[in-house]
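# A look at the structure
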Amino acid sequence: MIDGRIYNFSAGPSMLPEEVLLKAQAELLNCGGSGMSVLEMSHRSKVYDDIICAAVENVREVMNVPDNYKILFLHGGASGMFAAIPMNLGTGSGIGDYIISGNFSEAAYKEGKKYLKEARIAGSSADDQFSHIPTQDELHLSPDADFVHICWNNTIFGTKYNYIPDTGDVPLVADMSSSIMSEPVDVSKFGLIYAGVQKNLAPAGLALVIVREDLLGRAMGITPKIWNFKTEADKNSMLNTPATFPIYIVKLVTDYLKEQGGLEAMKRRNEEKAKMLYDYLDSQSFYRTNVNPADRSMMNVTFRTESEDLDKEFVGGQAARGFSNLKGHRLVGGMRASIYNAMPQEGVAALIEYMKEFAAAH
Ligand SMILES: *Cc1c(COP(=O)(O)O)cnc(C)c1O
């Protein structure tokens, strides 16, 4: 870690690799020999065109995206896509199946209800406070649905799918905001993958959308043109001025991921970090985590002590240790350590050290 920087366990926006920040800093005044910053640059310039094309190419390479998928950079973050997805895909039967595994999937469902003929809850783990991911057996899928929507990694509750739901011929749509590029996924099993980029890829302000080509061109008439996937695919995400700086950072982050050995390498590192933390949690009784072990997230680790007062004291002590953002989401309380790609292993080790000392002192 560079002097003065701390271990930031924020769920998002969150840490970026220092190599990327330094590169952005070095290029900030004069990007690609243009004599200007990327912040000041026309999105129609040659230098910028090279940047966005490289970003798209990198995403394709790093995630091994098949040729029959388009890669889009759209405005509005993940929440924008909660609306854009039903508008773009919901014109067949008008039915969308939603699997509810936490508050973001619920938020997607609520947006779906506004635009679809019928948004259906095809499975939910609300009954056990979202401590598990609905299993295939628990799903009630509609064979005539236009899509099935899931949230792959539940940022607030700390759960993640450990299987890809079998939806037959119905396209599977996944919100991967908080796990995008943390490990390889088989893109061909999905009709559409999307992510707000501010968890693992870039600063906020952008949604990455990876969509199978046969799903394009069926949008509702009311769809805002900046969210029409077909129009945006035809215009290389430049129907209007795109979020130029976040896209530039996506390019740098994906350059970095390639240098580091791609998503296999990320997966190994992320598994190691998460294992350290969960192994510690499983080895003691001062802290508890109520997530179903098979569904534990590798990115967001939630835990608590036996009392809210102790939780508060734990969070209160973080700054002195050089940590921040360990407070759990207000919906669940307790603590949450978000350990995305850019969190070094030393950060997790330091957190465990603090947890041990705090437990011993109480
Ligand atoms: C953070 C997050 C969102 C919300 O992202 P915005 O870009 O702020 O709309 C949605 N889904 C998941 C899984 C998230 O982690």
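What this report covers is the structure whose coordinates are included nearby.

Attention shifts here to the packing of aromatic side chains. Inspection of every chain in the model, using the stated rule, returns 20 aromatic pairs. Relative to Tyr287, the ring of Phe286 lies with its centre 4.8 Å away and its plane at 80°, an arrangement referred to as edge-to-face. Residue Tyr287 is classed as buried on the basis of its relative accessible area of 2%. Of the aromatic side chains, those joined through ring pairs into one cluster are Tyr7, Phe9, Tyr280, Phe286, Tyr287, Phe303, Phe314, Phe323, Tyr354 and Phe358.

By the element assignment, His329 lies in the loop between β12 (323-324) and β13 (335-338). Once residues lying within four places of it in the same chain are set aside, the contact partners of His329 are Ile156 and Arg336.

By the element assignment, Asn290 lies in the loop between α7 (262-282) and β11 (300-303). Asn290 sits 14 residues away from Arg304 along the chain, and the two C-alpha atoms are 9.0 Å apart.

What the rule picks out here adds up to 3 cavities of 30 Å³ or more. Lining the largest cavity are Met15, Leu16, Pro17, Asn200, Val253, Tyr256, Leu257, Asn341 and Ala342.

Glancing now at the site of the ligand. As a structural note, the neighbourhood of the ligand is formed by 13 residues, with Ser79, Thr155, Asp175, Gln198 and Lys199 the closest of them. Ser79 places a side-chain nitrogen or oxygen 2.6 Å from an oxygen atom of the ligand. Asp175 is positioned with one of its side-chain polar atoms (N or O) 2.6 Å from a nitrogen atom of the ligand. Burial of the ligand by the surrounding chains reaches 85%, relative to a free accessible area of 390 Å².

Reading the values: the criteria
- Residues numbered from 1 in each chain as written.
- Predicted model: local features only at pLDDT ≥ 70, side-chain atom pairs only at ≥ 80, totals over all residues.
- Heavy atoms only, no water.
- Phe/Tyr/Trp six-rings, centres within 6.5 Å; stacked < 30°, edge-to-face > 60°.
- Buried < 20%, exposed > 50% of the residue type's maximum accessible area, 1.4 Å probe, protein only.
- Helix = DSSP H or I, 4+ residues; strand = E, 2+ residues; numbered from the N terminus.
- Contact = heavy atoms within 4.5 Å.
- 1 Å grid on protein atoms, 1.4 Å probe; cavity = no way out; pocket = protein on both sides within 12 Å on 5 of 7 lines; lining within 4 Å.
- Points joined across faces, edges and corners; volume = space filled by probe spheres on them.
- Near = heavy atom within 4 Å.
- Polar contact = N/O pair within 3.5 Å; in protein donor to acceptor, adjacent residues only side chain to side chain.
- Areas by Shrake-Rupley, 256 points an atom, 1.4 Å probe, with all protein chains shown as cover.

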